[in-house]
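Listed below are the residues making up each chain.
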Amino acid sequence: MRLLMKLVNQYHRVRLISDEQINRNQVESYAEQGYPMAQYVLGRYHQLVKPDKDSIEKAKKWFDAAWESGIGDAAAAKAVMMLDGYYGEVDVDRYNALIKDGLEKGCTSDYCSLSFYRLLERIIFGEYGFDADPQRTIDTVRINCGREESDDIDEMDPAFYKILGDAYRKLDNKEKAEYYYTKAVDMGYVECCSNCSLLYQPTNDFTHEAWELWEQTNMVGCKLRDPYSYVLASLCFETPYDELPDDKKPERTAQIKETLMKAYALGEELAAFFIGYNHYYGEDGFEQSYDEAWRWFNNAAFWEEPMSFSMAAFMIEQGQAPEQYDQACADHYRLQALRRGDNDQLNKVVEIYRDGRLAEFANEIETRFVPDYQPDEDIEDDFEEDETIKEEP
């Protein structure tokens with residue numbers, strides 16, 4: 001029981017919960033007796049594992065009970081479920097209030113302690129109903145760190161240096177973005193190595209020297225075990241796979257697989273997405289397999305990677321997913337992708353809604369997505385059916 005509580009209090013470990021790791025009867029007994037932490041654990045179990053058809057309702061029930069008993073982590077978990085639409089219309093103000101309440105109640109999990117950070121991140125990129133406003137994020141960090149008049153912000157959690165780097169990168173201020181990313185790396189926030197790499201990401205007209213700089217920057221991140229640096233290292237090569245000699249292609253495929261698996265082992269959800277993508281299309285020497293693609297897209301979606309929800313929806317609609325997944329599931333996946341930042345799904349979600357589906361999310365769709373709908377734009381699905389892919393036996 002103590003181990004389980006430790007697991008559910010770590011944001012990057014909650015996916016480890018399974019039927020084998022929880023004595024459900026024992027936890028349910030404690031929860032029914034009114035033990036608040038057992039109520040929270042049971043809520044997390046139903047939220048993540050979903051062992052029963054009504055697990056979402058049970059998760060809400062137990063989170064509510066734990067929250068009323070003063071468990072700050074339950075407030076954060078409720079906030080996350082609210083953003084997913086499980087409490088009706090998504091209300092950003094209510095989300096903020098729950099996060100604040102969780103912090104005031106001494107929340108110990110990253111779900112809450114990182115929520116202010118995640119809130120700023122969403123403001124930078126305009127996700128979860130926020131308007132994209134990187135300057136607002138910069139001003140907020142300055143105010144909270146007592147540096148309203150200066151860019152030189154010292155003695156700060158390195159995660160917030162990363163936030164400042166993201167904000168300045170969004171504002172196309174490469175010099176300041178690199179400055180804050182570097183400060184974060186110097187303080188041990190190795191994930192910012194990959195952010196530095198993105199500042200030097202090559203384009204089609206880049207020189208050989210530019211490619212070398214890109215590779216060197218990624219190499220630093222990989223040596224520091226930055227998971228996203230591994231993803232970047234697996235994606236970009238000066239010589240594309242198709243232009244390699246045949247005897248060199250297996251080596252490139254093995255290199256990509258090894259690099260993506262390292263990123264996946266370190267918790268990078270995009271690694272799972274790209275493994276699935278390569279299996280779906282048979283890219284870069286990967287075996288073309290819908291079964292493998294579906295498995296990896298679901299792994300990435302479990303970590304809330306938005307493009308994986310989109311790809312899973314596409315596979316359902318193409319008849320390439322397990323038969324128990326229907327159109328209603330595909331519609332919900334598209335909405336989940338849009339909520340998490342895949343804005344390419346906006347037109348599709350609005351059209352699905354106007355076709356009479358997703359009616360239970362009417363208020364959210366009408367207020368958040370319909371105003372940005374562009375009916376005159378013919379936006380094709382990002383994931384086109386590859387006619388070269390043969391049906392599997």
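Keep in mind that what you see is a predicted model, and the values were worked out from it rather than measured. In this convention, every chain numbers its residues from 1, walking through the sequence in written order. Given that the model is predicted, a residue must reach a pLDDT of at least 70 before its local features are reported, and side-chain atom pairs must reach 80 or more before they are shown or counted; all residues, however, enter totals for whole chains, interfaces and linings. Hydrogens and water are ignored here; the side-chain numbers use all heavy atoms of the structure.

**Description of the pattern of salt bridges**
Criterion for a salt bridge: a side-chain nitrogen of Lys or Arg within 4 Å of a carboxyl oxygen of Asp or Glu. One pass over the full model with this rule turns up 14 salt bridges. In this structure, Arg-295 and Glu-292 form a salt bridge, with 3.0 Å as the shortest nitrogen-oxygen distance. Here Arg-295 and its partner Glu-292 are both found in helix 17 (residues 290-302), 3 residues apart, which amounts to about one turn of the helix. Between Arg-357 and Asp-331 there is a salt bridge, and its shortest N-O distance comes to 2.8 Å. Remark: Asp-331 occurs in helix 19 (residues 327-339) and Arg-357 occurs in the loop between helix 20 (346-354) and helix 21 (362-369); sequence separation between them is 26 residues. Here the term buried applies to any residue with accessible area under 20% of the maximum for its type, exposed to any over 50%, and partly exposed to those in between, with areas from a 1.4 Å probe on protein chains only. Of the residues examined, Asp-331 reaches a relative accessible area of 3% and is grouped as buried. Among the charged side chains, a network of salt bridges with common partners joins Lys-162, Asp-166 and Arg-169. Only DSSP runs of H or I reaching four residues or more are called helices, and only runs of E reaching two or more are called strands; each is numbered from the N terminus.

**Quick look at helix 10 (residues 158-170)**
An α-helical segment advances 3.6 residues per turn. Residues three or four places apart therefore align on the same side. For a helix, the expected span equals 1.5 Å multiplied by the number of residues minus one. Counted at 1.5 Å a residue, the expected span for helix 10 with its 13 residues is 18 Å, and the 19 Å between its end C-alpha atoms agrees. The buried fraction of helix 10 amounts to 11 of the 13 residues, a majority that puts the element mostly inside the structure. Looking one or two residues beyond helix 10, the residue adopting positive phi is Asp-172, at roughly 60°.

**Points about the packing of helix 16 (residues 269-281) against helix 18 (residues 306-317)**
Their axes nearest at 10 Å, the elements helix 16 and helix 18 cross at an angle of 30°. Between helix 16 and helix 18, the angle falls in the class roughly parallel. Pair helix 16 / helix 18 crosses with left-handed handedness. Counting all contacts with helix 16, which are made through Leu-270, Phe-273, Tyr-280 and Tyr-281, the residues of helix 18 involved are Met-307, Ser-308, Met-311, Phe-314 and Met-315. Side-chain classes are defined by residue name, with Ala, Val, Leu, Ile, Met, Phe, Trp, Tyr, Cys and Pro counting as nonpolar, Asp, Glu, Lys and Arg as charged, and the others, Gly among them, as polar. A per-class count over the contact of helix 16 with helix 18 returns 8 nonpolar, 1 polar and no charged. Fitted lines through C-alpha atoms give the axes, limited to the stretch in contact for helices. The angle between two N-to-C directions lies from 0 to 180 degrees. Note on terminology: angles under 35 degrees are roughly parallel, angles over 145 are roughly antiparallel, angles of 65 to 115 are roughly perpendicular, and the others are oblique. For any pair of crossing helices, the crossing counts as left-handed if the nearer helix is rotated counterclockwise from the farther one by less than a right angle, and right-handed if it is rotated clockwise. Throughout, a residue-residue contact means that at least one pair of heavy atoms, one from each residue, lies within 4.5 Å.

**Considering the nonpolar core**
In terms of nonpolar packing, the biggest core is built from 34 residues, with Tyr-280, Trp-294, Phe-297, Met-315, Ile-316 and Tyr-333 touching the most fellow members. Counting residues per element, the ones that place at least two in this core are helix 14 (227-235), helix 15 (249-265), helix 16, helix 17, helix 18 and helix 19. With 8 residues, helix 16 is the largest single contributor of residues to this core. In this description, a nonpolar core means a group of buried Ala, Val, Leu, Ile, Met, Phe, Trp, Tyr and Cys residues linked to one another through side-chain atoms lying within 4.5 Å.

**A closer look at the packing of aromatic side chains**
The pairing test for Phe, Tyr and Trp rings, Trp by its six-membered ring, is centres within 6.5 Å, and the orientation test on the planes gives stacked under 30 degrees, edge-to-face over 60, and tilted for anything in between. For the coordinates displayed, the defined rule picks out 15 aromatic pairs. Where Tyr-179 meets Tyr-180, the ring centres are 4.9 Å apart and the plane angle is 75°; that geometry is what we call edge-to-face. In this structure Tyr-180 comes out as buried when scored by relative accessible area, which is 1%. Chaining the aromatic ring pairs together yields one cluster made of Phe-273, Phe-274, Tyr-277, Tyr-280, Tyr-281, Tyr-290, Phe-297 and Phe-314. In this scheme, Lys NZ or Arg CZ marks a charge over a ring once it lies within 6 Å of the ring centre and within 35 degrees of the ring normal. Looking at Lys-257, its charged tip hangs above the ring of Phe-286, at a distance of 5.2 Å from the centre. Taking the ring centre of Phe-361 as reference, the NZ or CZ of Arg-339 above it sits at 4.8 Å.

**Observations concerning the packing of helix 17 against helix 18**
Put simply, helix 17 and helix 18 touch, their axes get as near as 8 Å, and they point 145° apart. Between helix 17 and helix 18 lies a crossing of left-handed hand. Across the interface between the two elements, Tyr-290, Ala-293, Trp-294, Phe-297, Ala-300 and Ala-301 from helix 17 touch Ser-308, Phe-309, Met-311, Ala-312, Met-315 and Ile-316 from helix 18. For the contact of helix 17 with helix 18, the per-class residue count stands at 11 nonpolar, 1 polar and no charged.

**Side note on the environment of Asp-131**
Relative to the elements of secondary structure, Asp-131 occurs in the loop between helix 8 (115-125) and helix 9 (134-144). The residues contacting Asp-131, other than those within four sequence positions of it, are Ile-123 and Gly-126.

**Regarding the confidence of the model for the protein**
Averaged over every residue, the pLDDT of the protein is 76; residues scoring 70 or more account for 69%. The predictor reports its confidence for every residue as pLDDT, a score running from 0 up to 100. Confidence drops under a pLDDT of 50 for residues 1-21, and excluding neighbours within four residues, the segment shows 41 contacts in the predicted structure. Low pLDDT (under 50) marks residues 387-393, which in the prediction has 9 contacts with non-local residues, meaning those over four places away or in another chain.

**Section: the environment of Tyr-373**
Among the structural elements, Tyr-373 can be located in the segment after helix 21. Overall, the relative accessible area of 16% leaves Tyr-373 in the buried class. Along the primary structure Tyr-373 and Val-350 are separated by 23 residues, whereas in three dimensions their C-alpha atoms are 7.0 Å apart. In this structure Tyr-373 touches Leu-346, Asn-347, Val-350, Glu-351 and Arg-354, once residues within four positions along its chain are discounted.

**Description of unusual backbone geometry**
Non-glycine residue Asp-284 carries a positive phi angle of around 50°. Although it is not a glycine, Leu-358 sits at a positive phi angle of roughly 55°.

**Topic: the environment of Gln-135**
By secondary structure assignment, the location of Gln-135 is in helix 9. Exposure remark for Gln-135: the relative accessible area of 34% places this residue in the partly exposed category. Linking Gln-135 and Ile-124, residues 11 residues apart in sequence, is a C-alpha distance of 7.8 Å. Excluding anything up to four places from it in sequence, Gln-135 contacts Arg-142 and Leu-171.

**Remarks on the side chain of Arg-340**
By the secondary structure assignment, Arg-340 is in the loop between helix 19 and helix 20. What makes Arg-340 buried here is its relative accessible area of 7%. Residues adjacent in sequence count toward polar contacts only when both atoms are side-chain atoms; beyond that, a polar contact is any pair of N or O atoms within 3.5 Å, and within protein one must be able to donate a hydrogen and the other to accept it. Within the structure, the side chain of Arg-340 is placed 2.9 Å from the side chain of Gln-336, a separation counted as a polar contact.

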